[in-house]
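Results of the structural survey
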Amino acid sequence: MADKIKFIIKDLDLYYDTFQALKKVNIEIKENKVTAFIGPSGCGKSTLLRCLNRMNDLIDNVKIEGAVTLDEIDIYGDIDVINLRTKVGMVFQKPNPFPMTVYDNIAYGPRCQGIKDKKKLDEIVERSIVQSALWDEVKDRLNKSALGLSGGQQQRLCIARAIAMEPEVILMDEPTSALDPIATAKIEELMETLKKKYTIVIVTHSMQQAARISDDTAFFLSGEVIESGKTIGIFTNPRDKRTEDYITGRFG
Amino acid sequence: MRKLKDNLLKSLIYLSAFITVGILVWILGYVFSNGIGLINWNFISNEYNEKTSYVEVKITNTPLSINQESLNEKAFYNQKVDKPLSDAIYSEKLGIAVMEVEHSLRGKKENQFIVAYIENGSEAGEALDKSGKKIGINLGDVITKIDGEALEGKDLKDLNAIVSGSNESLVKITKPGYGVLTNIVTTLYMIILSLSIAAPIGILAAIYLVEYAKPGKLVNVIRFATESLSGIPSIIFGLFGMAFFVVFLKFNLSLLSGALTISIILLPVIIRSTEEALKSVPDAYREASYGLGATKLQTISKIIIPSAIPGILVAVILSIGRIVGESAALLLTAGTVAKIPESLFASGSTLTVQAYYVAKEEANIQMACAIGIVVIVLIIVLNILAKLISKIFNKANY
Ligand SMILES: Nc1ncnc2c1ncn2[C@@H]1O[C@H](COP(=O)(O)OP(=O)(O)O)[C@@H](O)[C@H]1O
Ligand SMILES: [Mg+2]
């Protein structure tokens, strides 16, 4: 069975002012799979990730050429960015819950979409927290500040906050790099269940993590995609010498 | 040799610190020792000018709840300027006790009848004047006439007999002046008015600068302007306010002219500190919000402003300090009339202007210092409040 393609990225160039951060990037991201972006830091993984929900729009002087399509629609064409971001959620490197209660954090997105009905919000909040495997830990403190949670709990809260929007895709930028191994394991476990429902794109610089959780992998080096394909293939039988050097830990 | 140099430097440092602290203590000491003699509740609660009016008091026939001895003990008078000449005499009809005192004000002595006690259940505190405005008889008010009969020279023993009205009694009272209530109220008006002009404009301007404006020439110009504005002495703003608001727009010397001028002085302060507060909101919050499909307006109103509130509040409180302390600009735009302004277009003097006025025009250093004490206390309270707020919010956030 051919997997359905979610994103197609075609000949994508991205410039920060005059600095070219992405060079002729071509990859496809499959639906309901986990795709990992790996590569040494500064090679453009985050930059590409942020192209997928147009977060780069927030930065001045960014120039983008090429095309990114989501379900065959050009997301740099005439589309509603707000709508795009509700479909493509994002989880950041450092857990960044808002300085509000756990409940308000999760309800923030839906409220911004105009949902006011208390019952509906309650339902969304509960469902999102349950789905992100956080319910038992926070059910008694929904009305306490989210900043009182541990780092790992905060990150799962951020995942719950993204899930509350019922997105199709979740982008994660090194979501476990600020966490301890136990919290990391919990999040990896969570991704395992989430991928049944969502398409996940994760940036990681831990090769083990990419190997453990991803179906597809793309390897980046100074703004170029050197190699992409099935994770097993990349890790067991890399075609490019540089990929091999990187995954065997010779640099990066 | 090295040691000598070290010691020399050390003593210089100590000396400088000592001089600074010494001068500060000396100034405060001077102000306090001169002014403290005037500070009491009357000074705060009296208006500057005494005010005489006829008031109608409902007759209640309230019996005295304490005996004469404790009434004399409790009797109110201002120990610094009043010398009691009689017992306090109680009138059941009015529900108040009156006492004759010798009142001395700056060398002048005068016998007065003052309200020394008000019984629970008396209607005296609710007394209205002829136009129906509530005046109220308070402790310390001077009574000159009751139902048309002057008290002067009367034996107080039959105070009850003087009250001839049956339902109501017409009492002529004089509220003592020589206090700063007028100026406190004017200062409050000035604070409220200036802030309601400057705070919204300043905060919105800061939001524009931080969240909307693309960095470039325009922003640099605005920034340069706000920075330069904050360095200009306030008398210059006063001159401008006088020429523009007072003369050109014909607002005259008034609360409004003063408040508009002060607003211009405050704007740079408010813009700068609000900008700092907005900038200190972590970008991670902005990203998280946009990542959840929030619009710019939603992000600003739901995330950024709430996170910046403590900084903005501190800016507002420091602005209040600035208003309380301003005198030069107000002297030229709001005038020196020591009356509670009845409209935006009425003149009124704030505490500091009044201090200037009584020192300069009446050579009354004692009162100026007393006002100084009130101002100093106010400023200290405001600063503590600002510190407290930022502390509380910092704790709440992290
Ligand atoms: N806002 C920005 N402005 C200018 N250059 C940037 C910006 N963000 C990232 N870069 C540059 O783009 C390159 C790729 O960055 P990034 O995508 O964050 O790398 P990675 O996530 O792979 O570590 C880096 O050289 C970085 O310095
Ligand atoms: Mg990165």
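Predicted, not measured: the structure shown is a model, and the values here were computed from it. (Residues numbered from 1 in each chain as written. Chains lettered and ligands numbered in written order. Predicted model: local features only at pLDDT ≥ 70, side-chain atom pairs only at ≥ 80, totals over all residues. Heavy atoms only, no water.)

**Brief notes about unusual backbone geometry**
Phi is mostly negative for residues that are not glycine, and the peptide bonds are mostly trans. Phi is positive for Ala133(A), close to 55 degrees, though the residue is something other than glycine. Secondary-structure assignment places Ala133(A) in the loop between helix H4 (118-131) and helix H5 (135-138). Overall, the relative accessible area of 45% leaves Ala133(A) in the partly exposed class. The backbone of Asn61(B) shows a phi angle near 50 degrees, a positive value even though the residue is not glycine. Relative to the assigned elements, Asn61(B) resides in the loop between strand S1 (51-58) and helix H3 (68-74). (Helix = DSSP H or I, 4+ residues; strand = E, 2+ residues; numbered from the N terminus. Buried < 20%, exposed > 50% of the residue type's maximum accessible area, 1.4 Å probe, protein only.)

**Focus on the site of ligand 1**
All names here are of chain A. Around ligand 1, the neighbouring residues are Tyr16, Phe19, Ala21, Ser41, Gly42, Cys43, Gly44, Lys45, Ser46, Thr47 and Ile59. Protein contacts shield 62% of the accessible area of ligand 1, which totals 560 Å² for the unbound molecule. Listed by contribution, the elements that provide at least two residues to the shell around ligand 1 are strand S2 (19-30) and helix H1 (45-51). For the shell around ligand 1, the element with the most residues is H1, which contributes three residues. Looking at side-chain class alone, the shell around ligand 1 contains five nonpolar, five polar and one charged residues. (Near = heavy atom within 4 Å. Areas by Shrake-Rupley, 256 points an atom, 1.4 Å probe, with all protein chains shown as cover. Nonpolar A, V, L, I, M, F, W, Y, C, P; charged D, E, K, R; others polar.)

**Details of the interface of chain B and chain A**
In this assembly, 19 residues from chain B lie in contact with 25 residues from chain A. For the pairing of chain B and chain A, the buried interface totals around 1,800 Å² over both sides, and the portion due to carbon and sulfur atoms is 64%. Looking at the side of chain B facing chain A, the largest losses of area belong to Tyr285(B), Glu287(B) and Leu292(B), adding up to 34% of the total buried there. Counting across the chain B and chain A interface gives one salt bridge. (Contact = heavy atoms within 4.5 Å. Buried area = accessible area lost by both parts, 1.4 Å probe. Salt bridge = Lys/Arg side-chain N within 4 Å of Asp/Glu carboxyl O.)

**Details of the domain arrangement of chain B**
The figure often quoted for interface size is the accessible area lost as the parts come together. All names here are of chain B. Split by domain assignment, chain B resolves into domain 1 (42-175) and domain 2 (181-397). Spacing between the C-alpha centres of domain 1 and domain 2 amounts to 42 Å. Contact with domain 1, which involves eight residues of that partner, is made by 13 residues of domain 2. Here domain 1 and domain 2 share an interface that buries about 890 Å² over both sides, 59% of which is from carbon and sulfur atoms. Summed over the three residues of domain 1 that lose the most area to domain 2, namely Phe43, Ile44 and Tyr48, the buried surface amounts to 65% of that side. The tally of links between domain 1 and domain 2 comes to zero salt bridges. Run the count over domain 1 and domain 2 and you get five residue pairs in polar contact (both at pLDDT 80 or more). Classifying every residue of the side of domain 1 that touches domain 2 gives three nonpolar, three polar and two charged. (Domains from an automatic or database assignment. Polar contact = N/O pair within 3.5 Å; in protein donor to acceptor, adjacent residues only side chain to side chain.)

**Describing the side chain of Asp173(A)**
Residues and elements named next belong to chain A. Within the secondary structure, Asp173 is located in strand S7 (residues 169-173). Arg50 provides the closest opposite charge to the buried, salt-bridge-free Asp173, at an N-O distance of 5.9 Å. Here the side chain of Asp173 touches Ser46 through a polar contact of 2.9 Å, side chain to side chain. Those residues in contact with Asp173 that lie beyond four places of it in its chain are Ser46, Leu49, Val91, Phe92, Gln93 and Val203. (Lys, Arg positive; Asp, Glu negative; His and termini not counted.)

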